[in-house]
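Survey of secondary and tertiary structure
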Amino acid sequence: NSSQGDAWVERARANKAWFAGVHGWRLRWSAEQVDPDYAGAWNKLALLRRQLREELNASIGGTSDGWILWLDWDVLITDAGFGLPLDE
């Protein structure tokens, strides 16, 4: 990545952290290569599978948040006041 590209990734991460903070949600951000069989953009499938398993295990233990909101790194949120109807 170029330094300009890294700056955009950091802006995107900060944007999601801001949105999560407004709603009291936890943010998980990862660029970890989870499975070598899933290179590049396909890595998100392995990462999402891992997150879903962790959430399922947490729900069994009673510590689940109950929801996973997945956003790619390049999504920017412009209206932090928008709330998802998670309790409906």
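What comes next is a walk through the structure. (Residues numbered from 1 in each chain as written. Predicted model: local features only at pLDDT ≥ 70, side-chain atom pairs only at ≥ 80, totals over all residues. Heavy atoms only, no water.)

**Focus: the packing of aromatic side chains**
According to the stated counting rule, one finds one aromatic pair in the structure shown. Here phenylalanine 19 and tryptophan 25 contribute two aromatic rings whose centre-to-centre distance is 5.5 Å and whose plane-to-plane angle is 85°, an arrangement assigned as edge-to-face. It is arginine 11 that lies over the ring of tryptophan 8; its NZ or CZ is 4.6 Å from the centre. (Phe/Tyr/Trp six-rings, centres within 6.5 Å; stacked < 30°, edge-to-face > 60°. Lys NZ or Arg CZ within 6 Å of the ring centre and 35° of its normal.)

**A word on helix α2 (residues 43-61)**
Its 19 residues give α2 an end-to-end C-alpha distance of 27 Å, which sits within 8% of 27 Å, the value for a rise of 1.5 Å per residue. Among all positions in α2, only Asn43, Ala46, Leu47, Gln51, Glu55 and Ala58 are buried. Taken from the residues just after α2, glycine 62 is the one with a positive phi, measuring 80°. (Helix = DSSP H or I, 4+ residues; strand = E, 2+ residues; numbered from the N terminus. Expected span 1.5 Å × (residues − 1). Buried < 20%, exposed > 50% of the residue type's maximum accessible area, 1.4 Å probe, protein only.)

**Some words on the environment of glycine 24**
As for its position among the elements, glycine 24 is in the loop between α1 (3-23) and α2. Judged by relative accessible area, which is 63%, glycine 24 ranks as exposed. For the pair formed by glycine 24 and alanine 7, sequence separation is 17 residues and the distance between their alpha carbons is 25 Å.

**As for the side chain of lysine 16**
Mapped onto the elements of the fold, lysine 16 is located in helix α1. Despite being buried, lysine 16 has no salt bridge partner; aspartate 74 is the closest side chain of opposite charge, sitting 6.7 Å away. Reaching out from lysine 16, the side chain makes a polar contact with the backbone oxygen of valine 75 at a distance of 2.4 Å. If near-sequence neighbours (up to four positions away) are discounted, lysine 16 is found in contact with Leu27, Trp29, Leu71, Asp72, Trp73 and Val75. (Lys, Arg positive; Asp, Glu negative; His and termini not counted. Salt bridge = Lys/Arg side-chain N within 4 Å of Asp/Glu carboxyl O. Polar contact = N/O pair within 3.5 Å; in protein donor to acceptor, adjacent residues only side chain to side chain. Contact = heavy atoms within 4.5 Å.)

**Here we look at the pattern of salt bridges**
A complete count under the given rule lists six salt bridges for this structure. Salt-bridge contacts for glutamate 10 lead to arginine 13; the nearest nitrogen and oxygen are separated by 2.9 Å. Residue glutamate 10 and its partner arginine 13 are located together in helix α1, separated by three residues, close to a single helical turn. You can call arginine 13 partly exposed: its relative accessible area is 28%. Arginine 50 is the salt-bridge partner of glutamate 32, the closest N and O atoms lying 3.1 Å from each other. On the criterion of sequence distance, the pair formed by glutamate 32 in the loop between α1 and α2 and arginine 50 in helix α2 is long-range, its members being 18 residues apart. Because the salt bridges share partners, they merge into one network encompassing Arg28, Glu32, Arg50 and Glu54.

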